[in-house]
Amino acid sequence: MTQNYTIKDILDKVKKNKRWADLKLIQKAYNYAVLKHGDQLRKSGEPYMVHPTNVAYTIAELGLDEQTICAALLHDVVEDTEVKYEDIEKEFGLEIAEMVDGVTKLKQIQYATIEENQVENYRKMFLAMGKDIRVILIKLADRLHNMRTLEYLKRSRQIAISEETMQLYAPLANRLGLYAMKWELEDLGFKYLNPEEYEELVKGIEQKREERLKFIEKIMADIRVQLKKQHIEAEVTGRAKHLYSIYRKMIRDNKTLDQIYDLFALRIIVNSVKDCYAALGVVHELYSPMPGRFKDYIAVPKPNMYQSIHTTLLGEKGTPFEVQIRTWDMHRIAEYGIAAHWAYKEANYGSKKGQKVVSVQEDKLAWLRETLEWQQELQDPQEFLETLKTELFEDEVYVFTPKGAIKVLPRGATPIDFAYSIHAEIGNHMTGAKINSKMVPIITPIKNGDIIEIITSDNSKGPSMDWLKFVKSSSAKNKIMAWFKKEKKAENVEKGKEAIERELKRIGINYSELFKLEYINPMLDRYKYKNLEEMYAAVGFGAMTATKVIARMLIEYRKEHKEETIEEKIEQLSTTKHPTTKPSSSGIIVKGIDNCLVKLSKCCNPLPGDEIIGYITKGRGVSVHRKDCVNINELLKEENRIIDVQWFNQEKVTYNVEIEIYANDRNGLLGDIVQKINDSKAKLLGVNAKATKEKIAITEVALEVDSLESLNKIIRELRKVDSVYEVNRKK
C-alpha cells in the first residue's frame, strides 16, 4: 500500500531542509487547493487532495523551495476546478502561477505515440523545461505518484502509462540525475509491463536474502575496519540493486537469477575527494578488482553532474560485488540531481524574497540547450521522437582534445560528431581525423579515452549529406543541416518548386488555382515557415514533403470549392434510374440509385448491424463507413458528398473484418486463439502475431463473418482465452 503524506509531513520536511522557510505560504496553498478541489475523488476512491499532497511531499524531499512546493500543491486546480491562471497569480504571485501554468500545459501527455499532436506535447515539455526546470520536476513527481497508485486503473491504461514512463519519464529522470526517482519509476513500470517476471524476481531475491545479507555485511565490516586503520572517516552502507536493473542484466546476459551475484552495491561516503581515492586504495588492497569494471566519474563527471568512483571487486569464492565511492556533496547530487543543484544555487544566491531560477543557461544543462535547438528544426514528428529517445537513452563516451580538454559524446559517435562539438566551422571544413595519433576514416566510432585530432582545410567544399547517416549527436546533425540550408538555399528552392509542381500535376490541379494567400498562409503557419521561399527550400532539402504541403492547402481549398453538385455525382454513379431500389453486391442499398458501385471502407470495415453513412467518391462510386469511423469528421466536412445508405436484410453476404487481441505472452496462446475461432465457425483469413520486448502478445486476426452479431460473439469467446486481457475490433 502506498504511504500517503499529509501537510504536516510536508511542513516538517521543509523545516528540516531550510531554516527560514515560508511555512505560511505553503499552508495557504494547501488550504486553497483543499477548498477548490472540494469533494473530488481519485479512481481509488480517496479524496483528490491525496495526490497533490504526495506530489508536494516529493518536491519537498528533493529540497526545493517553497514556491515549487506551492506549485505542486496547486498543480491540478486550473485543469480540474473553475480556478483560472489569473486567480493563481493574484493569490500567489507570478512565479507560482507560471509554474502551475507550465504543468497544466503538460497535462495533455497521456501515452507515447508518434502522432503529430503527441509530439507537439513533447515539444511543449522541453520548452517548459528550458524556461524553468522546476516545472519538469513537478511533472516527474506527479508521474511518480500516479505510478504508485496505478493499481486502480484498468489494464490497458496501466500498460499505456507504464510504457510512456519507461520511454520518456525514467530516462528524463536519469538525464536530470534523479536516480532514486528513476529507479522507482523503472521498477513500477516493470511491475505493470511484466507482472509475472516481476513477481518471480521478487520471490527469487527474497529466498536467498539472508544468505546475501550475511555476505555483504561481512564485507562492510572488513572495509570499515581497514578505513578506520587508515584514519578515513566514512559511512559504509549496502543496498540491493533495483529490480529492473537485475531483470535487464538477466535478459542481456541470458542468465538466471542464481547466476547474477552482484545484487548488492556497497556505498562508501567520505568527506573529501582525496579520501575518495584513499578509500579506493583500501578496497583494492582488500579485494581483487575485476578488469574493465572501473569507472572514475569524479575525474570525468556525467553531463547530469553525477560524480562517483565505481569499481567491481571479487569477494570470497570469486563472487563479484560493486562499490561506489563519493563525497557527501556528490551523494546529495547523486540522489537529487538537478534538484540538488537548484537547492544549492538558492542557498548560495537566493534570499527569502527571491530565488535564482536554474535555466538552460547553466553549463550543466548543455544537453538540454542542444535539445531545444534541434527540436525547433525538426518538422517530422517521427524524426523528432526518435531523436528525443536517442538523446535521452544514449550512453556517453568521454574523449579528449589533443590539449587534454574533455568532450562528452553519445556512444557510437564519430570524429565528425567530435569536430562539430568543438565548433560548426571545424566540422564544416573537416577533411580528416586522427585517433590516438593514427589517421582513421572520419566515420570510425570513437571509444572512451580516445584522443581525437581533427584535420581541416580552407579548400574544403563543406560537409556531405552522407555524414547524416553516421553522426550520432543531435548537435552535429543540426549543424550539418544548417550548412546545407544556408549554402544551397537557391538550389533547394528550385528543387522544392519542381517537387511541388510535379505533385500538383499528378493530382490534376493548377498552381495558380491553389497557390492563393488564403490557402498559403494556414499552411505556412502550421509548419512554421516565414515565407514561401523557406517552405520551398525545406521541400528541396528533404525536411518536408510536397505531399504534406499540398494536403494542408487542400483542406482550405475544399472549404470554398463544392467541386460538383450531388446531382452531378449521382449522374456519374448511375446512368439508369429505376422505380425500385436494389441492393449492391455488398448488400447495401444506396437511396435512389440502382446498380451503383459500392465499396465497404477498409478504414472501419462496416458489418450488418453497424450504423453507416455513404460518401460519394471521385469516380469510385459510394464508399460506406461506420458512423464511428475515425475519419468521420473529415467526411462530414463535405456534406454535399454524403448520401443515405442502409443494409439490405434479405441478401446473404459475408464481410471481412479485423480484430486485435492483447494478451500476456505464453506457450500455446496462438493455438488457443485459433481454436476458439474455428469453434465459432467463422472463416479465418489471416493471422499476424508478434510479442513485444515486454512480453505482451499482440495478435491481429482477419475473419470472414456474416453479421455484427456473429463478430461480437467471437469477441466474447476470445476474451475467455487464458492470458487474454483485451480484444478489440480494429478501427
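Preceding this paragraph is the structure being described.
Residues numbered from 1 in each chain as written. Predicted model: local features only at pLDDT ≥ 70, side-chain atom pairs only at ≥ 80, totals over all residues. Heavy atoms only, no water.

S.K.: Could you give an account of the nonpolar core, with specific residues and numbers?
M.R.: If you look at the biggest cluster of nonpolar residues, it comprises 57 residues, and the most contacted ones within it are Ile 10, Leu 74 and Ile 88. At nine residues, helix 9 (residues 133-148) tops the list of elements feeding residues into this core. Ignoring any residue separated from it by four or fewer positions in sequence, one finds Ile 88 in contact with Tyr 32, Leu 74, Val 77, Val 78, Val 83, Gly 93, Ile 96, Ala 97 and Val 100. Listed in part, the 50 residues of the second largest apolar core include Ala 419, Phe 484, Met 523 and Met 553. (Core = buried A, V, L, I, M, F, W, Y, C linked by side-chain atoms within 4.5 Å. Buried < 20%, exposed > 50% of the residue type's maximum accessible area, 1.4 Å probe, protein only. Helix = DSSP H or I, 4+ residues; strand = E, 2+ residues; numbered from the N terminus. Contact = heavy atoms within 4.5 Å.)

S.K.: Before we move on, could you go through the sheet that holds strand 13 (residues 612-616) and cite the residues and values that matter?
M.R.: Within the open sheet, the four strands sit side by side as 12-14-13-15. Their pairing is mixed. Edge strands, defined here as strands with exactly one partner in the open sheet, are strand 12 (598-600) and strand 15 (642-643). In this sheet, strand 15 lies alongside strand 13 in antiparallel orientation, the contact comprising two bridges. Residue pairing for strand 15: Gly 614 is matched across the bridge by Ile 643. (Pairing = 2+ DSSP bridges.)

S.K.: Any chance you could break down the sheet that holds strand 19 (residues 696-705) for me, citing the residues and the numbers?
M.R.: The strands making up a sheet associate through hydrogen bonds between their backbones, and the pairing can be parallel or antiparallel. Here four strands make up an open sheet; going across it, the order is 18-19-17-20 and the pairing antiparallel. This sheet does not close on itself; its edge strands, each paired only once, are strand 18 (683-691) and strand 20 (724-729). Between one strand axis and the next, the sheet turns by 20 degrees as a mean value, whatever way the strands run. Packed onto the sheet, helix 30 (residues 669-679) meets strand 17 (655-664), strand 18, strand 19 and strand 20 and runs at close to 20 degrees relative to strand 19. (Axes fitted to C-alpha atoms, helices over the stretch in contact; angles between N-to-C directions.)

S.K.: Got a sec to walk through helix 14 (residues 243-253)? Specific residues and values, please.
M.R.: The periodicity of an α-helix, 3.6 residues per turn, causes residues three or four places apart in sequence to face the same way. Among the residues making up helix 14, those that are buried are Leu 243, Tyr 244, Ser 245, Ile 246, Tyr 247, Lys 249 and Met 250. In the core, the buried residues of helix 14 are packed alongside helix 10 (155-175), helix 11 (179-193), helix 12 (195-207) and strand 3 (288-296). Where helix 14 terminates, the next one or two residues include Asn 254, which has phi positive at roughly 55 degrees.

S.K.: Account for unusual backbone geometry, naming residues and giving values.
M.R.: A positive phi is found at His 231, a non-glycine position, where the angle reads about 60 degrees. By the element assignment, His 231 lies in the loop between helix 13 (209-229) and strand 1 (234-240). For His 231, a relative accessible area of 74% translates into the label exposed. Here Ser 723, not a glycine, exhibits a phi torsion of approximately 85 degrees, which is positive.

S.K.: An account of the side chain of Arg 326 is requested, with residue identities and associated values reported.
M.R.: Structurally, Arg 326 is set in strand 5 (residues 320-327). Looking at Arg 326, its side chain comes within polar contact range of the side chain of Ser 308, at 2.7 Å. Excluding anything up to four places from it in sequence, Arg 326 contacts Arg 267, Ile 268, Ile 269, Val 270, Cys 276, Tyr 306, Gln 307, Ser 308, His 331 and Ala 334. (Polar contact = N/O pair within 3.5 Å; in protein donor to acceptor, adjacent residues only side chain to side chain.)

S.K.: So what about the side chain of Glu 46? Which residues, and what values?
M.R.: Within the secondary structure, Glu 46 is located in the loop between helix 2 (23-37) and helix 3 (50-61). There is no salt bridge for the buried Glu 46, and the closest opposite charge comes from Arg 42, which lies 4.6 Å off by N-O distance. Leaving out residues up to four positions away in the same chain, Glu 46 has contacts with Asn 4, Gln 40 and Leu 41. (Lys, Arg positive; Asp, Glu negative; His and termini not counted. Salt bridge = Lys/Arg side-chain N within 4 Å of Asp/Glu carboxyl O.)

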